[in-house]
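Understanding the architecture of this molecule
Given next are the chains, with one letter for each unit.
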Amino acid sequence: VIATGGDPVGAGTSEAAVMGLLLRGHGVPESKICLEHRAQNTLQNAWEILPMLPKGCERILLVTSDFHMPRAAYLFEAVLASRGLNLTVVQYPVDINCRAARATPELNPTVCSAINAQSTLKRLQNEARFIRDEVEQIGLKQHIPGTEIQPLPEWRLKQALMEVEELLNRTAS
C-alpha cells in the first residue's frame, strides 16, 4: 500500500503519516506500507508514487474521499498517460467523515478536524472549481516543477465534472 501526501496545510503531520497510522490501526503490517511524504497536491500524489509502483503493476486501486474521487481519478489518469503507462485506475471512494481516524488513538484529533473542516457542499464546490481551474485554465502546468502534464481528452474532463455535479446535486437535495 502506498500512502501519499505531504503536509500542505501545515498541520505538523504529513497526510501519508496519518494514512500510515490508520492502515496500521486496521491491521496492515508496517512492512506492507510505503509512505510518500513530498506531494503537496493531488497531481503530485500521482507523480510521486510512480517510482514506488512494483514492476509489472497493471492497476492502481485509488482510495480517496468520495467528493475528491472524480478529480483524483482524472489527475492520476493524466499523469499515467503522460508517462506512457497503461495502468488501470480502479476507483474506491470512501465516506468523507473521519470515523476511522477517531478509532486510531495515536492520531492527533486536530489533524482530523483540520482535514474535515469544510462542509460537504463546500468541498464539492471546490472540487468543481479545481477541475475547471487546473485543467481548463492552466492545463496542469503549475503543480510539478519543470513538468507539464497534458490534459486528457475533453470527454474525460466533462465526465469528471459531471460526476462532481451529480454529487453536488445529491448533497444539495
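I will try to describe carefully the structure that is included in this document. Here the structure is a predicted model, which is why all the values come from computation and not from measurement.

1. Structural notes on the overall build of the protein chain
Of regular secondary structure, the protein chain possesses seven helices and four strands. Tracing the protein chain from N to C terminus, the helices and strands come up as β-α-β-α-β-α-β-α-α-α-α. In the protein chain, which comprises 173 residues, the share counted as buried stands at 39%. Of the contacts formed within the protein chain by residues at least 6 apart in sequence, a portion of 67% connects residues at least 24 apart. Entry remark: accessible area of the protein chain is about 9900 Å², with carbon and sulfur atoms responsible for 53%.

2. Considerations on the packing of helix α3 (residues 69-82) against helix α7 (residues 154-172)
Put simply, α3 and α7 touch, their axes get as near as 9 Å, and they point 165° apart. The orientation of α3 relative to α7 falls into the category roughly antiparallel. Considering how the two elements wind past one another, α3 and α7 form a crossing that is right-handed. Residues Pro 70, Ala 73, Tyr 74 and Glu 77 of α3 lie in contact with α7, whose contacting residues are Arg 156, Leu 157, Ala 160, Glu 163, Val 164 and Leu 167. Of the residues belonging to the contact of α3 with α7, the class tally is seven nonpolar, no polar and three charged.

3. Some words on α7
An α-helix turns once every 3.6 residues. As a result, residues three or four positions apart point the same way. Between its terminal C-alpha atoms α7 stretches 27 Å, which fits the 27 Å expected from 19 residues at 1.5 Å a residue. For α7, the full list of buried residues reads Arg 156, Leu 157, Ala 160, Leu 161, Val 164, Leu 167 and Leu 168. In an axial view of α7, the angular spread of the buried residues amounts to 140°, which keeps them on one side of the axis. Facing away from the buried side of α7 by over 90 degrees, the exposed positions are Trp 155, Lys 158, Asn 169 and Arg 170.

About the thresholds
In this numbering scheme, every chain counts its residues from 1 along its sequence in written order. Per-residue local features of the predicted model are confined to residues with pLDDT of at least 70, and side-chain atom pairs are confined, for both listing and counting, to 80 or more; whole-chain, interface and lining totals are unaffected and use all residues. Hydrogen atoms and water are omitted, and side-chain values are computed over all heavy atoms in the structure. Under the DSSP-based scheme used, a helix requires at least four consecutive residues in state H or I and a strand at least two consecutive residues in state E, with every element numbered from the N terminus. The classification of residues rests on relative accessible area computed with a 1.4 Å probe and restricted to protein chains. Under 20% of the type maximum is buried, over 50% is exposed, and intermediate values are partly exposed. Note on contacts: a residue pair is in contact if any heavy atoms of the two residues lie within 4.5 Å. All accessible areas in this document rest on Shrake-Rupley with a 1.4 Å probe, and a residue is counted as covered only by the protein chains that are shown. Lines fitted to the C-alpha atoms define the axes, with helices restricted to the stretch that makes contact. Angles between their N-to-C directions range from 0 to 180 degrees. Note on terminology: angles under 35 degrees are roughly parallel, angles over 145 are roughly antiparallel, angles of 65 to 115 are roughly perpendicular, and the others are oblique. Two helices cross in a left-handed way if the nearer one is turned anticlockwise from the farther one by less than a right angle. They cross in a right-handed way if the turn is clockwise. Note that Gly is not counted as nonpolar here; it falls among the polar residues with everything else outside the nonpolar set of Ala, Val, Leu, Ile, Met, Phe, Trp, Tyr, Cys and Pro and the charged set of Asp, Glu, Lys and Arg. To estimate the expected span of a helix, count its residues, drop one, and scale the result by 1.5 Å. To be clear, the arc concerns the directions from the helix axis to the C-beta atoms.

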